[in-house]
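One-letter residues, chain by chain:
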Amino acid sequence: MEGFSLAYEGFDPEEEGLREVLTSTGNGYLCTRGVAEWEDADGVHYPGTYAHGVHNRQTTILGGQPVLNEDLVNLPNWLVLKLRIEGEDAIRLADMELLEYEHEFDIRNAVLTRRLRFRDDAGRETTLRSRRFVSMADLHHAGIEWTLRPENWSGRVEIVSAIDGRVTNAGVARYEQLEGRHLDPVSPRTFGPEVIALKVETRQSNLYISQAARTRVFDGVEPMPVERRLHQMEDYIQQVLAFDVRQGVAVRVEKMVTFFTSRDLAVSDTLAKAGISALRYPDFGEALERNVMAWDELWRVCDVHLPADDRVQLLLRLHVCHILQVCSHHTADMDAGVPARGLNGEAYRGHVFWDELFVCSFLNVRMPEITRGLLMYRYRRLGEARAAAKEAGFRGAMFPWQSGSEGKEETQRVHLNPLSGRWEPDLSRNQRHVNIAIFYNIWNYFQATQDLAYLRDYGAEMMLEIARFWASIAHFNPARGRYEIHGVMGPDEFHEKYPGVREGGLRNNAYTNVAVAWLCDIAHTVLQLLPASRADALRSRLGLGDEELEVWREMSRLMYVPFHDEDVISQFEGYERLEELDWAGYREKYGNIQRLDRILRAEGDDPDRYRLAKQADTVMLFYLFSPAELRRVFERLGYAFDKDTARRNVEYYDRRTSHGSTLSAVAHAGALASLDPDNSWERFLVALESDIGDVQGGTTREGIHIGVMAGTLDLVQHWYTGMNIRDGVLYFEPRFSGRLDGLSFAMQFQGTPILVRLDGGRLTLTAHPEGVSRPVRVGVGDEVRDLRPGDSSTFELS
């Protein structure tokens with residue numbers, strides 16, 4: 001379908017890892033890389049399947065020191081289908097003469113198709129079409145279909161259908177020194193003549209994972225008789241299906257697969273459940289139709305239709321598809337966070353950082369129930385966050401920079417610099433701003449939904465404990481008459497400490513301090529929103545007295561914000577004393593300088609010495625908050641905020657940012673949207689192309705960057721339409737009217753579905769006439785209107 005197809009012609013070993021990630025198939029429960037079913041893991045191909053919440057810890061001895069890491073586990077390879085002709089070795093892409101090769105991903109239905117025609121060493125020409133999907137309709141199911149046609153020969157073939165539990169986590173080269181074995185075998189099993197199954201257990205977390213596969217061969221619509229042979233080991237099971245084929249006559253092979261883990265609900269024995277489910281599973285055609293219908297429903301609420309630019313349209317839809325493969329309605333019922341690299345690679349070990357900041361912004365107005373589920377992942381780990389704060393000498397809740405199964409701090413103590421080959425200290429656990437992101441996500445979810453039940457039962461408690469943490473880490477400096485925060489890192493990541501100092505952390509990171517002033521004010525509003533009985537009970541249980549609330553009120557008015565050059569916000573205190581970097585010299589010497597930290601350390605230098613940033617830090621303020629909201633915060637703090645504040649600071653830091661994170665392009669595009677639309681659009685296009693073009697030189701094959709994918713969508717729906725919520729009103733201030741001409745998307749605001757259309761200098765908002773819709777207030781500029789179910793309201797844009 002036009003605007004929904006990602007297609008590659010010809011096989012390119014150098015690009016295969018990237019293609020595997022971009023054409024992965026998933027359903028919000030698990031995701032599988034788009035590797036060819038007949039290939040094993042090698043330097044070109046990497047079979048990988050990952051499911052939410054299946055983590056395992058392993059210890060590696062490095063330099064005599066134990067290093068403990070928790071990984072999202074690569075699950076048994078369920079894809080295995082191999083073709084043998086006349087008893088010869090199984091075909092592989094490297095061993096055949098490819099006459100034709102197509103690799104296509106149907107974005108609308110998340111269906112992966114390969115079409116190839118090849119000639120083997122014996123001169124036999126064969127056409128093979130492979131299709132597969134992971135079902136969005138039935139979260140425990142997936143299917144593979146092969147259509148095989150001998151073009152110039154007849155003979156006997158064998159199909160090897162297997163489940164391989166011998167897999168390891170080996171998808172990221174820089175982790176190769178670390179232990180990658182996470183699975184122990186439990187047992188293989190058969191369920192009748194057609195179904196094979198395998199059960200494994202994670203080595204430390206003791207989670208059971210079971211998969212079952214039913215393989216059949218069809219001559220037309222009816223199954224054909226085949227000879228079956230079984231081979232099994234404790235961590236591997238296969239069937240060999242042997243049958244005759246005739247020249248020019250196609251046969252179909254179907255492998256229908258089921259997945260269960262011991263984390264699933266209503267499951268006693270995962271192996272029995274998988275086997276029985278495989279026996280009951282419909283054939284490929286029926287299962288695919290169910291998958292298509294499920295995706296159709298999702299696209300009705302998640303599509304972003306932008307006919308003005310075909311390339312932009314395609315990539316926006318690709319990003320929607322990948323977000324839904326990681327965070328779908330299935331995810332809402334799980335205990336799942338947002339892995340920064342999705343569910344199709346092993347970079348960052350599958351950990352949860354702050355990327356939900358970008359994902360939730362997209363989902364809040366599409367499928368807010370998913371955001372609610374993601375926020376529950378944080379709530380269930382509130383106890384661990386409280387324990388972490390207490391251990392560090394603070395109060396409240398201190399959520400980790402990298403989170404996994406339990407909510408402990410999973411950030412490694414050392415990391416490998418691939419340029420120098422050295423293991424270096426990692427101080428990034430001091431990025432306490434993740435707590436700001438969680439607070440922000442809860443508040444924005446409530447603003448979009450008015451879900452008072454969630455705020456009452458879960459959200460308010462987290463918000464208050466986060467505010468309490470910031471109040472305990474802050475201290476009052478009587479010389480300045482202001483509150484300060486020391487020992488933290490901002491989003492930049494290049495600056496972990498002051499040069500020449502061993503202790504990690506910085507003083508008064510501006511992004512952190514301004515955001516803390518904002519959230520201390522919002523925390524009071526949250527208490528006022530709660531029913532009096534709940535507010536009193538929560539205060540009593542938390543021991544939250546008037547004196548502590550008064551400290552929060554003071555912090556909202558008296559946080560210190562550093563400046564230099566009179567009116568430039570300093571990224572942190574002392575920033576102006578750092579050296580300027582020879583940017584032109586480094587670009588000339590290295591070309592790509594996105595990872596300046598690694599370059600400088602490989603030279604024996606230290607990025608902490610220079611005025612540079614990996615990604616938006618101070619600029620994040622101008623991305624997260626509207627100009628009006630930032631002005632209110634700065635004025636409440638007693639600092640000037642004029643019409644040029646945003647431009648002055650964005651331009652200053654843009655010249656000193658290497659954009660070593662793909663998220664940086666998103667943040668700068670948002671901050672520039674109202675300042676320099678053309679520049680903003682260029683950054684948007686960079687972000688849009690970053691994964692499909694693998695702009696960081698090999699990182700995307702280790703997993704998508706889900707934050708930047710969601711960020712590009714949010715740029716369109718939020719920044720470029722000027723959508724924001726103030727005082728219970730949904731406002732729009734469209735920009736880029738030419739580039740966005742014809743834009744339309746569905747959303748919901750406070751439970752009311754709305755269709756947004758931008759066309760011919762007009763913004764039209766149409767409220768759905770049925771269901772639980774209720775009147776909402778919408779506005780453009782100073783004009784605010786009531787929008788009732790069934791109404792359509794058009795605003796003329798200047």
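This text follows the structure it describes.
Residues numbered from 1 in each chain as written. Predicted model: local features only at pLDDT ≥ 70, side-chain atom pairs only at ≥ 80, totals over all residues. Heavy atoms only, no water.

K.L.:
Even after reading the chapter, I still don't get the overall build of the chain, so can you show me in this structure?
P.N.:
Check the secondary structure of the chain and you find 20 helices and 35 strands. Against the globule reference of 28 Å for 798 residues, the chain gives a C-alpha radius of gyration of 27 Å, in line with a compact fold. For the chain, the spread of C-alpha atoms along the principal axes amounts to about 90 × 70 × 55 Å. The buried share among the 798 residues of the chain stands at 61%. Of the contacts made within the chain by residues no fewer than 6 positions apart, 68% connect residues no fewer than 24 positions apart. (Helix = DSSP H or I, 4+ residues; strand = E, 2+ residues; numbered from the N terminus. Rg over C-alpha atoms; globule rule 2.2 N^0.38 Å. Buried < 20%, exposed > 50% of the residue type's maximum accessible area, 1.4 Å probe, protein only. Contact = heavy atoms within 4.5 Å.)

K.L.:
I would appreciate a short explanation of the packing of helix α4 (residues 310–326) against helix α20 (residues 706–719) in the present structure.
P.N.:
Any two packed helices are characterised by how steeply their axes cross, that is the angle between the axes, and by the distance between the axes. The contact between α4 and α20 brings their axes to 9 Å, and the two run at 125°. Compared by their axis directions, α4 and α20 come out oblique. Considering the relative orientation of α4 and α20, their crossing is left-handed. Residue-level inspection shows Leu316, His319, Val320, His322, Ile323 and Val326 of α4 in contact with α20, the latter providing Ile706, Met709, Ala710, Thr712, Leu713 and Val716. In terms of residue class, the contact of α4 with α20 is built from nine nonpolar, three polar and no charged. (Axes fitted to C-alpha atoms, helices over the stretch in contact; angles between N-to-C directions. Parallel < 35°, antiparallel > 145°, perpendicular 65-115°, else oblique. Left-handed = near helix turned anticlockwise from the far one by under 90°. Nonpolar A, V, L, I, M, F, W, Y, C, P; charged D, E, K, R; others polar.)

K.L.:
Can you walk me through the sheet that holds strand β28 (residues 724–726) in this structure?
P.N.:
Through backbone hydrogen bonds, the strands of a sheet pair up, either in parallel or in antiparallel fashion. Strand order in this open sheet of four strands is β28-β29-β33-β34, and the pairing throughout is mixed. With one partner strand each, in any of the chains shown, β28 and β34 (783–787) form the two edges of the open sheet. When the angles between neighbouring strand axes are averaged without regard to direction, this sheet yields 30°. With four bridges connecting them, strand β29 (residues 729–732) and strand β33 (residues 776–780) associate as parallel partners. (Pairing = 2+ DSSP bridges.)

K.L.:
What is the right way to look at the layout of surface pockets in this model?
P.N.:
Picture a little ball the size of a water molecule; that probe, rolled over the atoms, points out where space is still empty. Its volume calculated, the second largest pocket comes out at about 1,100 Å³. Along the walls of the second largest pocket sit 43 residues, with Ser626, Glu629, Asn724, Ile725 and Arg726 positioned nearest its centre. When contributions to the lining of the second largest pocket are tallied by element, the ones reaching two or more residues are α5 (356–363), α8 (434–449), α10 (510–529), α15 (620–624), α16 (627–637), α20, β28 and β29. (1 Å grid on protein atoms, 1.4 Å probe; cavity = no way out; pocket = protein on both sides within 12 Å on 5 of 7 lines; lining within 4 Å. Points joined across faces, edges and corners; volume = space filled by probe spheres on them.)

K.L.:
For this particular structure, what's the right way to read helix α6 (residues 368–379)?
P.N.:
Because an α-helix completes one turn every 3.6 residues, residues spaced three or four positions apart along the sequence face the same direction. Over its 12 residues, α6 extends 16 Å from the first C-alpha to the last, a length consistent with the 16 Å expected when each residue adds 1.5 Å. Burial of α6 is extensive: nine of the 12 residues sit out of reach of the surface. Regarding α6, the residues found buried are Pro368, Ile370, Thr371, Gly373, Leu374, Leu375, Met376, Tyr377 and Arg378. Summarising the contacts, the buried residues of α6 are in contact with α5, α7 (382–391), α8, α9 (452–473) and β30 (743–749). (Expected span 1.5 Å × (residues − 1).)

K.L.:
Can you help me understand the packing of aromatic side chains in this one?
P.N.:
Given two aromatic rings, one states the distance between the centres and the angle between the planes to describe the pair. Scanning all chains against the criterion turns up 33 aromatic pairs. A centroid spacing of 5.4 Å and a plane angle of 85° characterise the contact between Phe353 and Trp401, whose relative ring orientation is edge-to-face. Here Phe353 is found in the loop between α4 and α5, whereas its partner Trp401 is found in the loop between α7 and β21 (414–417), with 48 residues between them in sequence. For the pair shown, Phe353 and Trp401 are each scored as buried. Here Phe563 and Tyr639 contribute two aromatic rings whose centre-to-centre distance is 5.3 Å and whose plane-to-plane angle is 45°, an arrangement assigned as tilted. (Phe/Tyr/Trp six-rings, centres within 6.5 Å; stacked < 30°, edge-to-face > 60°.)

K.L.:
Teacher, can you tell me more about the pairing of strand β31 (residues 752–759) here?
P.N.:
When a strand is regular, its side chains alternate between the sheet's two faces. Across the two faces of β31 the burial differs, with Thr752, Ile754, Val756 and Leu758 buried and Pro753, Leu755, Arg757 and Asp759 not buried at all. As paired strands, β30 and β31 are joined by seven bridges and run antiparallel to one another. Across the sheet, residue Phe745 finds its bridge partner in β31, namely Val756. The antiparallel pairing of β30 with β31 creates a hairpin that spans two residues between the two strands, and Gln750 there sits at a positive phi of about 50°.

K.L.:
Would you take a moment to explain unusual backbone geometry for this structure?
P.N.:
One can expect most non-glycine residues to show negative phi and most peptide bonds to be in trans. Phi angles above zero are rare outside glycine, and Arg349 is one such case at about 60°. For Arg349, a relative accessible area of 7% corresponds to the buried category. Phi is positive for Gln750, close to 50°, though the residue is something other than glycine. Along the chain, the position of Gln750 falls in the loop between β30 and β31. A relative accessible area of 10% means that Gln750 is categorised as buried.

K.L.:
Which parts of the structure should I look at to understand the side chain of Asn77?
P.N.:
Tracing the backbone shows Asn77 in the loop between β6 (65–72) and β7 (81–85). When near neighbours in sequence (up to four residues on either side) are disregarded, Asn77 contacts Pro47, Ala162, Ile163, Asp164, Val167 and Gln211.

K.L.:
Would you explain the nonpolar core in this entry?
P.N.:
Nonpolar side chains tend toward joint burial in soluble globular proteins. Formed by 176 residues in total, the largest nonpolar core has its most connected members in Trp354, Met620, Phe684, Tyr720 and Met747. For this core, the leading source of residues is α10, giving 13 residues. Ignoring sequence-local partners within four residues, the contact set of Met747 consists of Val365, Met723, Leu730, Phe732, Thr752, Pro753, Ile754 and Val756. Ala51, Leu83, Tyr101 and Leu207 belong to the second-largest nonpolar core, a separate cluster that totals 50 residues. (Core = buried A, V, L, I, M, F, W, Y, C linked by side-chain atoms within 4.5 Å.)

K.L.:
How do you make sense of the pairing of strand β5 (residues 55–62) when you look at a structure like this?
P.N.:
Among the eight residues of β5, six are classified as buried, and the element is accordingly described as predominantly covered. Two elements, β5 and β6, share eight bridges in a ladder whose sense is antiparallel. Looking across to β6, one finds that Arg57 is bridged to Glu70. Here β5 folds back onto β6 in antiparallel fashion, the turn holding two residues, of which Gly63 has a positive phi close to 55°.

K.L.:
Quick question: what am I supposed to make of the packing of α6 against α8 here?
P.N.:
The interhelical angle for the contact between α6 and α8, taken along N-to-C directions, is 145°, at an axis separation of 11 Å. The two elements α6 and α8 meet at a crossing, and its hand is left-handed. Here Pro368, Thr371, Arg372, Leu375 and Arg378 of α6 come into contact with α8, specifically with Val434, Ile438, Asn441, Ile442, Tyr445 and Thr449. Residue composition of the contact of α6 with α8, grouped by class: six nonpolar, three polar and two charged.

K.L.:
Looking at this model, I keep getting lost on the pattern of salt bridges. Mind explaining?
P.N.:
When the charged atoms of two side chains with opposite charge come close together, those side chains can pair. Summed over all chains, the structure comprises 80 salt bridges. Among the ionic pairs, Glu406 bridges to Lys408, the shortest N-O distance being 3.2 Å. Overall, the relative accessible area of 39% leaves Glu406 in the partly exposed class. When its relative accessible area of 34% is taken as the criterion, Lys408 is described as partly exposed. Here Arg656 ties to Glu580 by a salt bridge, and the two come within 2.9 Å at their closest N and O atoms. Taken together, the residues Arg656 in the loop between α17 (645–654) and α18 (662–672) and Glu580 in the loop between β27 (568–569) and α13 (583–590) connect sequence positions 76 residues apart. The class for Arg656 is buried, based on a relative accessible area of 12%. On the accessibility criterion, Glu580 (40% relative accessible area) is partly exposed. What you see here is one network of salt bridges that share partners, running through Arg386, Arg395, Glu461, Glu465, Arg468, Arg541 and Glu548. (Salt bridge = Lys/Arg side-chain N within 4 Å of Asp/Glu carboxyl O.)

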